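Understanding the architecture of this molecule
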Amino acid sequence: SSGINAEYGHPRHLLRDTSKYKPFRELSKGNTPSLKNLVKHYLKAEVQSGAHDSIEDARGALQLYRQHRPAWERSLKMQKKRAKADSQVGQVAEKVDGLDN
């Protein structure tokens, strides 16, 4: 997938993967979107038209992130809030189950 990879030492919470961002996935009908198609659609530019160029790919991914940053970050905050709420519900359920025993 495109985006910055965790194996390079970036903290997981700072990763932004263009293949996992929901609006980008919707463009490809729920499938993993190609960076080439994302750049063509959103940036009206061409990448990967000749030999593979990882610098060109990185620039395209970064431009996509910058263009969509506000909405992308809001969606991540909402995901984090939902995950926290789900975790709290699970903890309460465990306590209730413990009272029943």
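Attention here is on the structure that accompanies the text. Bear in mind that the values here come from a model prediction, so they are computed numbers and not experimental data. (Residues numbered from 1 in each chain as written. Predicted model: local features only at pLDDT ≥ 70, side-chain atom pairs only at ≥ 80, totals over all residues. Heavy atoms only, no water.)

**Points about the overall build of the chain**
On a plain count of helices and strands, the chain comes out with three helices and zero strands. When the elements of the chain are put in sequence order from the N terminus, they spell out α-α-α. Counting every position in the chain, which comprises 101 residues, the buried fraction comes to 19%. Partitioning the intrachain contacts of the chain with sequence separation of at least 6 by distance along the chain shows that 32% fall at a separation of at least 24. Accessible surface, the chain as shown: approximately 8000 Å² in total, 52% of it carbon and sulfur. (Helix = DSSP H or I, 4+ residues; strand = E, 2+ residues; numbered from the N terminus. Buried < 20%, exposed > 50% of the residue type's maximum accessible area, 1.4 Å probe, protein only. Contact = heavy atoms within 4.5 Å. Areas by Shrake-Rupley, 256 points an atom, 1.4 Å probe, with all protein chains shown as cover.)

**Points about the environment of Leu43**
Inspection of the secondary structure puts Leu43 in helix α2 (residues 35-43). Relative accessible area serves as the criterion here: at 22%, Leu43 is assigned to the partly exposed category. When the C-alpha positions of Leu43 and Leu64 are compared, they lie 7.4 Å apart, and in sequence the two are 21 residues distant.

**Describing the nonpolar core**
Core analysis: the biggest nonpolar cluster contains ten residues, these being Tyr21, Phe24, Leu35, Leu38, Val39, Val47, Ala61, Leu64, Tyr65 and Trp72. Mapped by element, the contributors of at least two residues to this core are α2 and α3 (54-100). When residues of this core are assigned to their parent elements, the largest contribution, four residues, is made by α3. Residues within four places of Leu64 in sequence aside, it is in contact with Thr18, Phe24, Leu35, Leu38, Val39, Tyr42 and Leu43. (Core = buried A, V, L, I, M, F, W, Y, C linked by side-chain atoms within 4.5 Å.)

**Focus: α2**
Buried within α2 we find Leu35, Leu38 and Val39. Projection of α2 onto a plane perpendicular to its axis shows the buried side chains occupying an angular sector of 95°, all on one side. Downstream of α2 by a residue or two, Lys44 has a phi angle that is positive, lying close to 55°. (Arc of directions from axis to C-beta.)

**Looking at the packing of aromatic side chains**
Considering all chains together, one arrives at five aromatic pairs under this definition. Measuring from ring centre to ring centre gives 4.3 Å for Tyr21 and Trp72, while their planes differ by 10°; the resulting arrangement is stacked. Highlighted residues: Tyr21 in the segment before α1 (22-27) and Trp72 in helix α3, separated in sequence by 51 residues. Taken as a pair, Tyr21 and Trp72 share a single burial class, namely buried. Ring centres of Phe24 and Tyr42 lie 5.1 Å apart, and the angle between their planes is 45°; on these two criteria the pair is classed as tilted. Of this pair, Phe24 sits in helix α1 while Tyr42 is found in helix α2, placing the two residues 18 residues apart along the sequence. What makes Tyr42 partly exposed here is its relative accessible area of 23%. These aromatic residues form a ring-pair network of at least three members: Tyr21, Phe24, Tyr42, Tyr65 and Trp72. (Phe/Tyr/Trp six-rings, centres within 6.5 Å; stacked < 30°, edge-to-face > 60°.)

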